[in-house]
Amino acid sequence: QVHLVESGGGLVQAGDSLRVSCVASGRTFSDYAMGWFRQAPGKEREFAAGISGSGGTIYYADSVKGRFTISRDNAKNTVYLQMNSLKPEDTAVYYCAASNNVATNSARLDISGVNYWGKGTLVTVSS
């Protein structure tokens, strides 16, 4: 069992930056690719960013590429999502995800393959 707890969400203005964090406990953190998914009101949950267990491979959705940066600190069992140049359309609940259902060194998490989810943290971007 892996327990994931997100933090760092909040209300910001368009153009601002925000960093959300996710602390994991339980099994060996580096055994899991980690990712951030988001779910906007009335929409399906979607992939935003992923990072391999070692941190050597990173993958972004086109909608966040160039603005968001995912990173992980395996010594602290923590994964981060730095969000810059935020837009109102980035408003969503951001969920941390852990998956070992990915190819070796892959960062492409599929929603159906996620083993564990956090409860989410709300990010609201006002215009």
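Look up a bit, the structure's there.
Residues numbered from 1 in each chain as written. Predicted model: local features only at pLDDT ≥ 70, side-chain atom pairs only at ≥ 80, totals over all residues. Heavy atoms only, no water.

> Help me out: how do you make sense of the pairing of strand β1 (residues 2–7) in this one?
When a strand is regular, its side chains alternate between the sheet's two faces. Judged by which residues are buried, β1 turns out to be one-sided: Val2, Leu4 and Glu6 face inward and are buried, whereas His3, Val5 and Ser7, on the alternate face, are not. In the sheet, β1 pairs with strand β3 (residues 18–26) via six bridges, with the strands oriented antiparallel. Bridge pairing links valine 2 to glycine 26 in β3. (Buried < 20%, exposed > 50% of the residue type's maximum accessible area, 1.4 Å probe, protein only. Helix = DSSP H or I, 4+ residues; strand = E, 2+ residues; numbered from the N terminus. Pairing = 2+ DSSP bridges.)

> Which parts of the structure should I look at to understand the pattern of salt bridges?
Close approach of charged atoms lets side chains of opposite charge pair. For the structure shown, the criterion picks out four salt bridges. A salt bridge links arginine 67 to aspartate 90; the shortest N-O distance between them is 2.7 Å. With arginine 67 in the loop between β6 (58–60) and β7 (68–73) and aspartate 90 in the loop between β8 (78–83) and β9 (92–99), this residue pair connects regions lying 23 residues apart in the sequence. Aspartate 90 carries the same exposure label as arginine 67, and that label is buried. (Salt bridge = Lys/Arg side-chain N within 4 Å of Asp/Glu carboxyl O.)

> When you look at the side chain of serine 99 in this model, what are you seeing that I'm missing?
Structurally, serine 99 is set in strand β9. Reaching out from serine 99, the side chain makes a polar contact with the backbone oxygen of glycine 113 at a distance of 3.0 Å. Beyond its immediate stretch of four places on either side in the chain, serine 99 contacts Tyr32, Ala33, Leu109, Gly113, Val114 and Asn115. (Polar contact = N/O pair within 3.5 Å; in protein donor to acceptor, adjacent residues only side chain to side chain. Contact = heavy atoms within 4.5 Å.)

> Just checking my understanding: could you explain the pairing of β9 for this structure?
Judged by how many residues are buried, β9 sits mostly within the fold: seven of eight residues are covered. Bridge analysis of strand β4 (residues 33–39) against β9 gives seven bridges, and the strand direction is antiparallel. Note that in β9 the partner of glutamine 39 across the bridge is valine 93. Both β9 and strand β11 (residues 121–126) contribute to a ladder of three bridges, which runs antiparallel. Counted as the bridge partner of valine 93 is leucine 122 from β11.

> How should I be thinking about the environment of glycine 9 in this particular structure?
By secondary structure assignment, the location of glycine 9 is in the loop between β1 and β2 (10–13). On the basis of relative accessible area, glycine 9 is assigned to the partly exposed category, the value being 34%. As a C-alpha pair, glycine 9 and isoleucine 111 span 102 residues in sequence and 21 Å in three-dimensional space. Once residues within four sequence positions are removed from consideration, glycine 9 is found in contact with Leu18, Val20, Thr121, Leu122 and Val123.

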